[in-house]
Amino acid sequence: MKKVSISFIIMTILLAFSSCQKKSSEKEILSFRFVSPNVEASIEDKNIVAIMPSGTDVTNLVPVISVSDKATVNPASGEPKDFTQPVSYTVTAEDGSRSVYSAIVVVKAKSSEKRILSFRFASLDLNATIDESTKEIKATVPMGTDVSALVPTITVSLGASIDPV
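Residues numbered from 1 in each chain as written. Predicted model: local features only at pLDDT ≥ 70, side-chain atom pairs only at ≥ 80, totals over all residues. Heavy atoms only, no water.

**Observations regarding the nonpolar core**
Core analysis: the biggest nonpolar cluster contains 21 residues, and Ile29, Phe32, Phe34, Phe83, Tyr89 and Val105 have the highest contact counts within it. Elements with a minimum of two residues in this core: strand S1 (29-34), strand S4 (47-52), strand S5 (63-67), strand S7 (87-92) and strand S8 (98-107). (Core = buried A, V, L, I, M, F, W, Y, C linked by side-chain atoms within 4.5 Å. Buried < 20%, exposed > 50% of the residue type's maximum accessible area, 1.4 Å probe, protein only. Helix = DSSP H or I, 4+ residues; strand = E, 2+ residues; numbered from the N terminus.)

See below:
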């Protein structure tokens, strides 16, 4: 009979102790990013801001969100959302307390810049000179070089394209 009483008391104490453990009140978004395009958002004072490249369609973006241990987020990480307007994310701590974040996506404006930044022949380890005022590119190659076989590597302004490639 004594063994049962002592066991019962110990189990009661353990049960009381375990139910008294404080649940976590942590409810933070630790990181917020997008995989496509690969963009990491900044988080400050419950405001999340992601700056997307020009031309990004923001109507069906999928964020990857990490939150405090034992917390949950709604809408969930990996759930596609339309970011044409701010999206609210509610983080719920283990103890049931909540914190609301506002996420906005800004798309960079298209650039009107259309410059050739560098013109190089890798096979000759040679950089050409670019005259912006005359829009001329000049390169001096060694005597006897088959110029019809040269393939340039060209770098242009961000968002610009070149033809021929």
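**A short note on the sheet that holds strand S9 (residues 116-121)**
Taken together, the three strands give an open sheet; going across it, the order is S10-S9-S13, and neighbouring strands pair in antiparallel fashion. Pairing within the sheet leaves two strands with one partner each, and these edge strands are strand S10 (126-127) and strand S13 (153-156). (Pairing = 2+ DSSP bridges.)

**A word on the packing of aromatic side chains**
Any aromatic ring pair is given by two values, namely how distant the centres are and how the planes are angled relative to each other. Inspection of every chain in the model, using the stated rule, returns four aromatic pairs. The interplanar angle of 75° and the centroid separation of 5.6 Å between the aromatic rings of Phe32 and Phe34 together place this pair among those described as edge-to-face. For Phe32, a relative accessible area of 1% gives the class buried. The class for Phe34 is buried, based on a relative accessible area of 1%. A centroid spacing of 5.3 Å and a plane angle of 75° characterise the contact between Phe32 and Tyr89, whose relative ring orientation is edge-to-face. With Phe32 in strand S1 and Tyr89 in strand S7, this residue pair connects regions lying 57 residues apart in the sequence. For the residue pair Phe32 and Tyr89, the accessibility class agrees, reading buried in each case. (Phe/Tyr/Trp six-rings, centres within 6.5 Å; stacked < 30°, edge-to-face > 60°.)

**Points about the sheet that holds S5**
For sheets, the rule is that strands pair by backbone hydrogen bonds, running either parallel or antiparallel. What the three strands build is an open sheet, ordered S2-S1-S5; its pairing is antiparallel. Unpaired on one side and paired on the other, strand S2 (39-40) and S5 mark the two borders of the sheet.

**What about unusual backbone geometry?**
Across the junction of Asn74 and Pro75, the peptide omega takes the value 0°, indicating a cis bond. If you trace the backbone, Pro75 turns up in the loop between strand S6 (72-74) and S7. Here Asp163 and Pro164 are connected by a cis peptide whose omega angle stands at 5°. Along the chain, the position of Pro164 falls in the segment after S13. A positive phi angle is found at Asp125, which is not glycine, with a value near 50°. Position of Asp125 relative to the elements: it lies in the loop between S9 and S10. The phi dihedral of Lys135 falls on the positive side, at around 60°, and the residue is not glycine.

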